Amino acid sequence: MVWLNGEAKPLEGRELREVLAEMGVDLGRVAVLLNEEAYSGQQLPPHVLREGDVVEVVALMQGG
């Protein structure tokens, strides 16, 4: 299982960008934590999901 935003999901063998696109995630407006490493959505490295991976998608918000 892969942990995605706190939920276990059977996503092993899938490319992370592909999974996020299917979820409708706009990579230009998020940060992604991949196994505790932080990336802007646009600079997310290619990564095939493996058993035990932990992914958190964080939406960026503007203050006001």
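A brief look at the structure comes next. (Residues numbered from 1 in each chain as written. Predicted model: local features only at pLDDT ≥ 70, side-chain atom pairs only at ≥ 80, totals over all residues. Heavy atoms only, no water.)

Enumeration according to the criterion identifies three salt bridges in this entry. Residue Lys9 pairs with Glu7 through a salt bridge whose shortest N-O separation is 3.5 Å. The partner of Glu22 in a salt bridge is Arg14, and the shortest N-O contact between them spans 2.6 Å. Since its relative accessible area comes to 57%, Glu22 is described here as exposed. Residue Arg14 is classed as partly exposed on the basis of its relative accessible area of 25%. The network of salt bridges with common partners includes Arg14, Glu18 and Glu22. (Salt bridge = Lys/Arg side-chain N within 4 Å of Asp/Glu carboxyl O. Buried < 20%, exposed > 50% of the residue type's maximum accessible area, 1.4 Å probe, protein only.)

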